[in-house]
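# Working through the structure, step by step
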Amino acid sequence: KSGILESQQGKQGGFRLTTRPSDISLFDVFTAIQSVPAVNNCVIDDHFCDRSSYCATHNVWMEIQEDLVKKLKETDFMTLSRNEFENLRKLQTK
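Here's what I pulled together on the structure shown here.

The rules behind these values
Residues numbered from 1 in each chain as written. Predicted model: local features only at pLDDT ≥ 70, side-chain atom pairs only at ≥ 80, totals over all residues. Heavy atoms only, no water. Helix = DSSP H or I, 4+ residues; strand = E, 2+ residues; numbered from the N terminus. Buried < 20%, exposed > 50% of the residue type's maximum accessible area, 1.4 Å probe, protein only. Contact = heavy atoms within 4.5 Å. Lys, Arg positive; Asp, Glu negative; His and termini not counted. Charge placed at Lys NZ, Arg CZ, Asp CG, Glu CD. Axes fitted to C-alpha atoms, helices over the stretch in contact; angles between N-to-C directions. Parallel < 35°, antiparallel > 145°, perpendicular 65-115°, else oblique. Nonpolar A, V, L, I, M, F, W, Y, C, P; charged D, E, K, R; others polar. Expected span 1.5 Å × (residues − 1). Polar contact = N/O pair within 3.5 Å; in protein donor to acceptor, adjacent residues only side chain to side chain. Disulfide = S-S within 2.5 Å. Pairing = 2+ DSSP bridges. Salt bridge = Lys/Arg side-chain N within 4 Å of Asp/Glu carboxyl O.

### What about the overall build of the chain?
- Counting its secondary structure elements, the chain contains three helices and two strands.
- In the chain, the succession of α and β elements from N to C terminus is β-β-α-α-α.
- Structurally, the chain occupies a C-alpha span of about 55 × 40 × 20 Å along its principal axes.
- Out of the 94 residues belonging to the chain, those deemed buried represent 14%.
- At a minimum sequence separation of 6, the contacts of the chain that also span at least 24 residues come to 51%.
- Positive and negative side-chain charges of the chain, numbering 12 and 13 respectively, have mean locations separated by a distance of 11 Å.

Structure follows, in structure tokens:
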């Protein structure tokens, strides 16, 4: 549905990426599977809590949410793949 993967049926079938790994962020994958990840329901649903206008922690939750979304958007699958490769290499040399 999100266009990140495409499938092919048959003997040589399977799944493959429709775009380069460097163009796919963790945010893209999260939102393809579910809604935007949230640290608290009040940060994604204004009607969840009627206390948000005077809640002592609401602004903190909002800042954390913004940081989370920013980091997920900045982290692409090429970077993750490189990190994984490097971590496996380190493990093999121990």
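### What to know about the packing of helix 1 (residues 26-33) against helix 2 (residues 58-74)
- Their axes nearest at 5 Å, the elements helix 1 and helix 2 cross at an angle of 110°. Considering their axes alone, helix 1 and helix 2 lie roughly perpendicular with respect to each other. In this structure, helix 1 uses Leu-26, Phe-27 and Phe-30 to contact helix 2, whose residues at the interface are Val-69, Leu-72 and Lys-73.
- Per-class residue counts for the contact of helix 1 with helix 2 are five nonpolar, no polar and one charged.

### Overview of helix 3 (residues 77-92)
- Over its 16 residues, helix 3 runs 22 Å from end to end, which matches the ideal 22 Å to within 8%, given 1.5 Å per residue.
- You can read the cap of helix 3 off the contacts: a side-chain oxygen lies 2.9 Å from the backbone nitrogen of Met-78, and it is on Asp-76.

### So, the state of the cysteines
- In this structure the tally under the stated criterion is zero disulfides.
- This cysteine, Cys-42, is not joined by any disulfide, and Cys-49 carries the nearest cysteine sulfur, 6.4 Å off.
- Note on Cys-55: no disulfide assigned, nearest cysteine sulfur contributed by Cys-49 at a separation of 6.2 Å.
- Residue Cys-55 is classed as partly exposed on the basis of its relative accessible area, which comes to 23%.

### So, the pairing of strand 2 (residues 14-17)
- With four bridges joining them, strand 1 (residues 5-8) and strand 2 adopt antiparallel strand pairing. The residue bridging Gln-8 from the neighbouring strand is Gly-14, located in strand 2.
- The hairpin turn running from strand 1 into strand 2, its antiparallel successor, is five residues long, and Gly-10 in that turn takes a positive phi close to 105°.

### Considering the side chain of Asp-76
- Mapped onto the elements of the fold, Asp-76 is located in the loop between helix 2 and helix 3.
- Arg-82 provides the closest opposite charge to the buried, unpaired Asp-76, separated from it by 6.2 Å.
- At 2.9 Å, the side chain of Asp-76 forms a polar contact with the backbone nitrogen of Met-78.
- If sequence neighbours within four positions are ignored, Asp-76 has contacts with Pro-21, Ser-22, Ile-24 and Ser-25.

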